[in-house]
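Summary of structural features
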Amino acid sequence: MSFVEGASYIRPMDISYIINHLGEERENYFGAVAPPIIQTSNFAFKDVASLRQAFTDEKNTSVYSRGTNPTVDMLCKKIAALAGADDALVFASGTAALAAAIMANVKAGSHVVCVNNPYSWTSNLLQKFLPKFGVEHTMIDGTDAQNYAKAAKCNTSLFILESPNSLSFQLQDIKAIVAIAKERGIATMIDNTYCTSLGQRCIEMGIDIEVHSASKYYSGHSDVVAGFVISSKQIIERMFHAELMNVGAIISPQNAWLLLRGLRTLPMRLDRIKKTTEEVVAFMKAHPLVEKVTYPFDESFPQHALAKEQMLWCGGLFNILLKAKDVDTVERFCDSLKHFLMAVSWGGHESLVIPACSFYSKDYTGERVHPYNLIRFYIGLEDADFLTADLKQALAKIE
Ligand SMILES: *Cc1c(COP(=O)(O)O)cnc(C)c1O
């Protein structure tokens, strides 16, 4: 796999072992190659002594599926190993995973420093939800690591990173921010959905908690909503007994099984997506109706050196600014695309398009976070030629 060649810490052999064998005890289920979906709420014990014993260690014993379930547990083992971490928890959505990881690191009176414009529901949690419990925050421009140091106060308990951002693609210097946090005894968490654990080794760069929306690349088939929290044994054990068991935002065994299936092809999907995206990006850069392309591994990207330093892989997302005189032209282009589905999310088999002008009403004249002619693309598993031909015909419609 080309994208892990430069990484000394995780070898392709390890990835193959983790994905195909780790945590799978086939002798316990008739030698079945595919793991069973243990669709049960509770687990029975043979006597009082074993029930009593189970109560002392619910994290490592199947008692009730709100806590532990063997199908989910297999997934936890694999995703933790892929990230180079001790342990992991799986949640019902990426948003539940983010909320749990943030809540685990604050109490009344705490302060959080978070990168500007994080995922919308991270933002909502910090701005609308946590203030009810006396937790305050500061949003900063994360392109300068020193802004984390400047915003830190004596009650700061958590730094939140999201690198790259999935719409602006801005990066944070992970190692520099970890160093600032460690000096001050502040916990760090990152939303690593954009790169996956294979594409960006956050735990090895010193991040305490890595969070993912598994609905994206891990699932890979646009049929599951789920989230991961990956961290040390101590943090995961603590979060198991608090945020996981108490909020109860757990994944079903069926969805955990779909994620196990998605994992089997994760490295090859990532590899394929990278190659196709590079071809499509090159096509767009060369087209006269495209004003600008934003893609972290492109040399024109403002933080290109940092991207190459801390990311092993750059995903299927990129933005363009279309040379379009008005919103109508942007709409005409997007509506002319036949093979890019117009939808939120990303990370699946299908290529997607989402224009920033859809975030505002048609007659909106106020300030915009993203320009009217910004369009985000996601490249899936189709052939590059199939996609560029579609882009070409849609661009011809606005000439
Ligand atoms: C999709 C996404 C989330 C939220 O995940 P859900 O599984 O949809 O709840 C969080 N962060 C990023 C960067 C995302 O793309």
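This is a predicted model, so every value here is computed, not measured. (Residues numbered from 1 in each chain as written. Predicted model: local features only at pLDDT ≥ 70, side-chain atom pairs only at ≥ 80, totals over all residues. Heavy atoms only, no water.)

As a further point, take the overall build of the protein. Assigned secondary structure in the protein consists of 14 helices and 12 strands. Projecting the C-alpha coordinates of the protein onto the three principal axes gives extents of approximately 75 × 55 × 40 Å. Evaluated residue by residue, the protein yields a buried proportion of 55% over its 399 residues. Partitioning the intrachain contacts of the protein with sequence separation of at least 6 by distance along the chain shows that 71% fall at a separation of at least 24. (Helix = DSSP H or I, 4+ residues; strand = E, 2+ residues; numbered from the N terminus. Buried < 20%, exposed > 50% of the residue type's maximum accessible area, 1.4 Å probe, protein only. Contact = heavy atoms within 4.5 Å.)

Taking 1.5 Å as the rise per residue, helix α9 (residues 233–247) with 15 residues should run 21 Å; its terminal C-alpha atoms sit 20 Å apart, in good agreement. When the local axis directions of α9 are compared, the greatest deviation, roughly 45°, occurs at Phe240. For α9, every residue scored as buried is listed here: Ile235, Ile236, Met239, Phe240, Glu243, Leu244 and Met245. As for α9, its buried residues are in contact with β1 (87–91), α4 (94–103), β6 (209–213) and β7 (227–231). Positive phi appears at Gly248, one or two residues downstream of α9, with a value of about 75°. (Expected span 1.5 Å × (residues − 1). Bend = angle between axes of the 7 residues up to and from the residue.)

Taken domain by domain, the protein consists of domain 1 (12–264) and domain 2 (266–396). Once you take the C-alpha centre of each, domain 1 and domain 2 turn out to be 28 Å apart. Each partner contributes residues to the interface: domain 1 has 35 residues there, and domain 2 has 32 residues. Together, the buried faces of domain 1 and domain 2 total about 2700 Å²; carbon and sulfur atoms form 64% of this surface. (Domains from an automatic or database assignment. Buried area = accessible area lost by both parts, 1.4 Å probe.)

Turning to the site of the ligand, a few remarks are in order. Around the ligand, the surrounding shell holds 14 residues, and the nearest of these are Gly94, Thr95, Asp191, Ser215 and Lys216. Ser215 is positioned such that a nitrogen or oxygen atom in its side chain is 2.6 Å from an oxygen atom of the ligand. With three residues, α4 is the single largest residue contributor to the shell around the ligand. (Near = heavy atom within 4 Å. Polar contact = N/O pair within 3.5 Å; in protein donor to acceptor, adjacent residues only side chain to side chain.)

What follows is about the side chain of Ser219. Position of Ser219 among the secondary structure elements: in the loop between β6 and β7. At 3.5 Å, the side chain of Ser219 forms a polar contact with the side chain of Asp223. The residues contacting Ser219, other than those within four sequence positions of it, are Ala214, Val224, Leu259, Gly262 and Arg269.

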